[in-house]
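Residues per chain, in single letters:
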Amino acid sequence: MARRIDVTGTGGVRLAAWEFGDPPKTDPAGSDPARDVPDGSPGVLLLHGLMGRASHWASTARWLSARYRAVALDQRGHGRSDKPPQGSFTRDAYVDDAEAALEQLGLAPVVLIGHAMGALTAWQLAAKRPDLVRGLIICDMRASALGAASQREWDQWFKSWPLPFATLADVRKWFGEDDPWVERPNPARGEFYAEVMAESPDGWRPVFDPEQMLRSRETWVYDAHWEELAQVRCPALVVRGLDGELGRAEAQEMVRVLPRGQYAEVADAGHLVHYDQPEAWRAAIEPFLDGLSTD
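Just so we're clear, the structure is a prediction, and the values are computed from it rather than from any experiment.

At a minimum axis distance of 9 Å, the contact between helix α2 (residues 91–105) and helix α3 (residues 117–128) shows a crossing angle of 70°. Considering their axes alone, α2 and α3 lie roughly perpendicular with respect to each other. Crossing geometry of α2 relative to α3 is assigned as right-handed. For the pair formed by α2 and α3, the contact residues are Arg 91, Tyr 94, Val 95, Asp 96, Ala 98, Glu 99 and Leu 102 on the first element and Met 117, Leu 120, Thr 121, Gln 124, Leu 125 and Lys 128 on the second. Classifying every residue of the contact of α2 with α3 gives 7 nonpolar, 2 polar and 4 charged.

Next comes the structure, spelled out in structure tokens:
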């Protein structure tokens with residue numbers, strides 16, 4: 001099961017957090033989610049990537065919930081969280097949101113698990129607030145600058161979407177087969193994007209605003225992020241899909257820069273590692289999590 005808990009991010013933005021597994025015991029003095037009493041299990045906060053949503057972590061969060069208090073966050077502009085038209089989509093806003101969620105949910109010291117942009121948020125938070133983070137898992141996110149050409153490609157890609165889609169089957173087919181970014185048919189990718197679509201009067205459209213996604217990406221795509229990586233003091237695992245966006249050489253350099261870095265890769269997986277290959281993903285990260293429990 002998953003229950004929704006609303007938390008407040010920076011600037012008053014309402015964020016939807018989703019707790020998987022049995023809900024914790026609550027303080028009989030009130031029903032404020034911020035007053036939930038943890039059941040003694042260590043906390044895990046899962047952060048999706050650009051265009052993602054908390055539900056993309058459902059498979060991971062469900063098995064984690066047997067041992068952890070597992071919470072996935074819809075980040076600002078995504079999922080069921082607020083999407084203020086003139087809201088801030090800076091790096092600081094995302095990091096401050098995650099920090100606020102940890103404190104309001106009482107999860108710290110937490111294991112942060114992030115995919116892509118969510119991984120960047122996770123390691124920047126770990127660098128900023130080492131007291132809140134006991135472990136970090138980085139999934140397929142580069143530390144190097146991607147540059148202006150990358151941003152232009154994304155802009156053109158968004159414009160290529162044949163919106164609105166008539167049916168969810170059309171969503172699955174386009175993102176899984178017809179999208180020019182797809183090298184070979186990938187049903188998991190089609191399902192991933194079907195999860196971020198909602199029905200509107202004229203068909204199926206994304207739950208996010210593509211322009212907001214580009215604004216968000218602008219805040220990190222031009223910069224390298226090695227300095228914050230070097231400031232992460234907790235144990236950290238860098239995971240890449242063998243066919244993902246993070247190359248092996250850069251991943252191994254990230255491990256070297258991290259003071260307590262480790263490395264894992266998942267075969268037959270692309271950028272959506274945890275979604276493409278959930279069992280192999282679990283096998284890659286579970287030994288790291290086991291090691292944290294013995295520290």
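What follows concerns the pairing of strand β4 (residues 69–73). Within β4, 5 of the 5 residues are buried, leaving the element largely enclosed by the surrounding structure. Judged by which residues are buried, β4 turns out to be covered on both faces: Arg 69, Val 71 and Leu 73 on one side and Ala 70 and Ala 72 on the other are all buried. Bridge count between strand β2 (residues 14–20) and β4: 4 bridges; the pairing is antiparallel. Note on β4: the bridge partner recorded for Glu 19 is Val 71. The pairing of strand β3 (residues 43–47) with β4 spans 5 bridges and is classified as parallel. What sits directly across from Val 44, in β4, is Ala 70. Traced from β3 through helix α1 (residues 58–64) to β4, the parallel crossover comes out right-handed.

Under the counting rule described, the total for this entry stands at 19 aromatic pairs. Between the aromatic rings of Trp 161 and Phe 175, the centroid separation amounts to 4.9 Å while the plane-to-plane angle is 90°, which identifies the pairing as edge-to-face. With Trp 161 in the loop between α4 (147–160) and α5 (168–178) and Phe 175 in helix α5, this pair connects stretches of sequence that are 14 residues apart. Taking relative accessible area as the criterion, Phe 175 reaches 0% and is therefore assigned buried. Taken together, the ring pairs connect Trp 154, Trp 157, Phe 158, Trp 161, Phe 165, Trp 174, Phe 175, Trp 181, Phe 192, Tyr 193, Phe 208 and Tyr 275 into an aromatic cluster.

Calculation criteria
Residues numbered from 1 in each chain as written. Predicted model: local features only at pLDDT ≥ 70, side-chain atom pairs only at ≥ 80, totals over all residues. Heavy atoms only, no water. Axes fitted to C-alpha atoms, helices over the stretch in contact; angles between N-to-C directions. Helix = DSSP H or I, 4+ residues; strand = E, 2+ residues; numbered from the N terminus. Parallel < 35°, antiparallel > 145°, perpendicular 65-115°, else oblique. Left-handed = near helix turned anticlockwise from the far one by under 90°. Contact = heavy atoms within 4.5 Å. Nonpolar A, V, L, I, M, F, W, Y, C, P; charged D, E, K, R; others polar. Buried < 20%, exposed > 50% of the residue type's maximum accessible area, 1.4 Å probe, protein only. Pairing = 2+ DSSP bridges. Right-handed = clockwise from strand over helix to strand, strands pointing away. Phe/Tyr/Trp six-rings, centres within 6.5 Å; stacked < 30°, edge-to-face > 60°.

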